[in-house]
Amino acid sequence: VSTQSTGEACYRALKTSLKKTDLPILISNFYSQHVKPCCAEPVEIKQTTFKKVGVLMKDLEKQGIIVIKEQKKGVQNITEVNFAHQSLRGVKKLEKEEEEVEEEENIAVVQAFTSNAHVTRLFSLYGHKKGDILLRKTLREHVIAYIRSHELADPADKKLVRLDPLLSTVMKTRDLTATWNQVMQKVESNCGKCYVISLPDKFPITVKGELPPIQFKVEKRTGNKKVTIISNFEVFGIEAKELAQKLQHVMSSSASVVPGLKSENVLVQGDARKLASKLLLDQYKIPRAFVASG
């Protein structure tokens, strides 16, 4: 890095990065927080004729651009900046080429809850109706809000909650008190269960009840040949035809789409469990919990 480009980075930092409200500022902080980010290429002060940050700052002071004051021995601050200095005129912000960062978009599966007839009385207080989907965080926030607004926290024991008729009904219990954790677990267990699947570039899919993992079933056919039947993948936004094509390429054997009980399955020649599992985890980014072990 040349001495000239380092000086230009200083001008750019003073003109486009440093603000009056930042003053006073340690010269070391000015260099690391403002000058270095304004360099067109990585800076090593030792590779310039300045050799040290302090020498570089003294040069700026000699030009009448900044004022440096020693706070104590070895600790120097920039206290003033002449923002109208001729060297700063026309200085523009560094335009860096934006690097295209390809973000890896994964499939996300979140367990959620539905407000059923049993718990609707509680959650209707917070604007929810029967059948509404509640994420765990939202559900717990509502329960906490109810307990606090009705002053149900036990003053004698902060770990306990006194159960009023509504909480007792929702929790299906006759106990007079319960721990905070027990309240949360009971309320969750008495809600309907569902899963929210977030897919890249698609609307989220909601699956009520349990979410079965992608299954592999190995069967023997004529001549003792093995085939692998793969099912339950379409709920994760995977198209049967596309999966069959990818498996055919990976396995170097035929793969076809076949009808299943609820949706289309993929049939692959041979035992494809290991390679198919790897494909689903690595390329489709299916969470491991939802890919059955081979």
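Keep in mind the model is a prediction, meaning the values are calculated, not measured.

Is there a simple way to explain the sheet that holds strand β1 (residues 25-26) in this structure?
The strands that make up a sheet are held in pairs by hydrogen bonds between backbone atoms, and each pair lies either parallel or antiparallel. Read from one edge of the open sheet, three strands run β1-β3-β2, paired in antiparallel fashion. Strand pairing shows two members of the sheet lacking a second neighbour, β1 and β2 (66-72), which therefore form its edges. Both β1 and strand β3 (residues 75-81) contribute to a ladder of two bridges, which runs antiparallel. By the bridge assignment for β3, Ile25 is matched with Ile78. Lying over the sheet, helix α3 (residues 53-62) contacts β2 and β3, oriented at roughly 130 degrees with respect to β2.

What should I look at first to understand helix α8 (residues 240-251) in this one?
Because an α-helix completes one turn every 3.6 residues, residues spaced three or four positions apart along the sequence face the same direction. End to end, α8 covers 16 Å across 12 residues, agreeing with the expected 16 Å (1.5 Å per residue, within 8%). By the burial criterion, the buried members of α8 are Ala240, Leu243, Ala244, Leu247 and Met251. Burial along α8 is one-sided: seen end-on, the buried residues are contained in an arc of 100 degrees. Every exposed residue of α8 that faces more than 90 degrees away from the buried side is listed here: Lys241 and His249. On its buried face, α8 sits against β11 (225-231), β12 (255-259), β13 (264-269) and α9 (273-282). Of the residues one or two after α8, Ser252 is the one with positive phi, at around 55 degrees.

Explanation requested: the pattern of salt bridges in the structure shown.
Two side chains carrying opposite charge are able to pair once their charged atoms lie near each other. Across all of its chains, the model carries eight salt bridges by this definition. With a closest N to O distance of 3.5 Å, Lys129 and Asp132 form a salt bridge. On the basis of relative accessibility, which here comes to 18%, the residue Asp132 falls in the buried class. Between Glu219 and Arg221 there is a salt bridge, and its shortest N-O distance comes to 2.9 Å. A single salt-bridge network, built from bridges that share partners, covers Arg136, Arg140 and Glu188.

What counts and how
Every chain begins its residue count from 1, and numbering advances along the sequence as written. With pLDDT at 70 or above as the cut-off, local features in this predicted model cover only qualifying residues; side-chain atom pairs require 80 or more to be listed or tallied, and sums for whole chains, interfaces and linings still use all residues. Note that water and hydrogens are dropped before the side-chain values are worked out from all heavy atoms of the structure. Criterion used throughout: strands pair if DSSP finds at least two bridges between them. Helix and strand labels come from DSSP, where a helix needs a run of H or I of at least four residues and a strand needs a run of E of at least two; each type is numbered from the N terminus. The contact criterion used is simple: two residues touch if any of their non-hydrogen atoms lie within 4.5 Å. To get an axis, fit a line to the C-alpha atoms, keeping to the stretch in contact for a helix; angles then go from 0 to 180 degrees between the N-to-C directions. A helix is expected to span 1.5 Å multiplied by its residue count minus one. Summary of the burial criterion: residues with accessible area below 20% of their type's maximum are buried, those above 50% are exposed, and those between are partly exposed, where the area comes from a 1.4 Å probe applied to protein chains only. Here the arc refers to the set of directions running from the helix axis out to each C-beta atom. We define a salt bridge as a side-chain nitrogen of Lys or Arg found within 4 Å of a carboxyl oxygen belonging to Asp or Glu.

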